[in-house]
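# What the coordinates show
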Amino acid sequence: PEQAHRISLGAETLSLQVAQTSATALALARFLDAHPAVGKVHYPMLESHPQHALAVRHFKAGSWLLAFELHDSARMPAMLDRLQLAIKATGLGDNRTLVIPVAPTIYWEAGPVVRAEMGIADGLVRVSVGLESADELIADFEQAIA
């Protein structure tokens with residue numbers, strides 16, 4: 001009964017959470033897309049994404065999940081260490097923003113050749129956007145990338 005109650009409470013605010021996290025993710029994706037240290041942003045709600053038209057047609061809101069690559073993948077660990085709001089963790093869909101370096105964690109065992117074939121860059125960072133304000137989250141990423 002306790003778990004059912006918790007699921008019920010979460011479902012009551014799900015649409016608000018999706019709207020908030022999607023708007024924040026889009027703002028963060030736009031910031032990252034314009035940043036000179038960022039090579040590529042993977043977020044289908046960005047107008048520059050190859051699947052943007054398809055995403056807009058099929059999704060009412062965007063998503064809380066995005067990924068980006070730094071031009072210099074060697075800078076990625078230090079950038080992650082400087083983040084103050086975002087938490088280094090493997091989860092998805094949390095109330096807090098979670099980040100994880102993809103190549104050295106999730107796809108490490110695949111090896112560099114397979115990762116390259118899959119298009120997984122060494123500097124790829126997955127971001128699961130939480131409920132923080134867009135301005136605060138962008139400021140956190142800005143100071144971390146600088």
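Whatever comes next refers back to the structure up there.
To start, this report covers the structure provided alongside it. Going along each chain's sequence as written, the residues are numbered from 1 onward. Two thresholds apply to this predicted model, a pLDDT of at least 70 for residue-level local features and 80 or more for giving and counting side-chain atom pairs, whereas whole-chain, interface and lining totals are computed over all residues. Side-chain measures here rest on the full set of heavy atoms in the structure, leaving out hydrogens and waters.

Turning next to the sheet that holds strand β4 (residues 98-101). Neighbouring strands of a sheet are bound in pairs by backbone hydrogen bonds; such pairs are parallel or else antiparallel. Strand order across the open sheet formed by five strands is β1-β2-β5-β4-β3, with mixed pairing between neighbours. Either end of the sheet is taken by a strand with one partner, and the two such strands are β1 (38-42) and β3 (87-88). The pairing criterion for strands is at least two bridges between them, as found by DSSP. For helices the rule is a DSSP run of H or I covering at least 4 residues; for strands it is a run of E covering at least 2, with both sets numbered from the N terminus onward. Of the pairings in the sheet, the one linking β4 to strand β5 (residues 124-128) comprises four bridges and is antiparallel in character. Counted as the bridge partner of I100 is R126 from β5. Any pair of residues with heavy atoms lying within 4.5 Å of one another is described as a contacting pair. Angular values range over 0 to 180 degrees, each being the angle between N-to-C directions of two axes fitted as lines to C-alpha atoms, with helices fitted over their stretch in contact. Relative to the sheet, helix α2 (residues 14-34) contacts β1, β2 (65-70) and β5, its axis offset from that of β2 by approximately 15°.

A patch consists of residues whose relative accessible area exceeds 30% and which take part in no salt bridge; residues with like charges are grouped when within 9 Å of each other, and nonpolar side chains (Val, Leu, Ile, Met, Phe, Trp, Tyr) when within 5 Å. Working definition of accessibility: Shrake-Rupley area with a 1.4 Å probe, residue cover restricted to the visible protein chains. Salt bridges, as used here, are contacts in which a Lys or Arg side-chain nitrogen is within 4 Å of a carboxyl oxygen on Asp or Glu. A contiguous nonpolar patch, built from W64, L65 and L92 and spanning about 260 Å² of accessible area, is present on the exposed surface. Note that W64 resides in the loop between α3 (52-58) and β2. According to the relative accessible area criterion, W64 is partly exposed, its value standing at 32%. For every residue, the accessible area (1.4 Å probe, protein chains only) is compared with the maximum for its type, and the residue is labelled buried under 20%, exposed over 50%, or partly exposed between those bounds.

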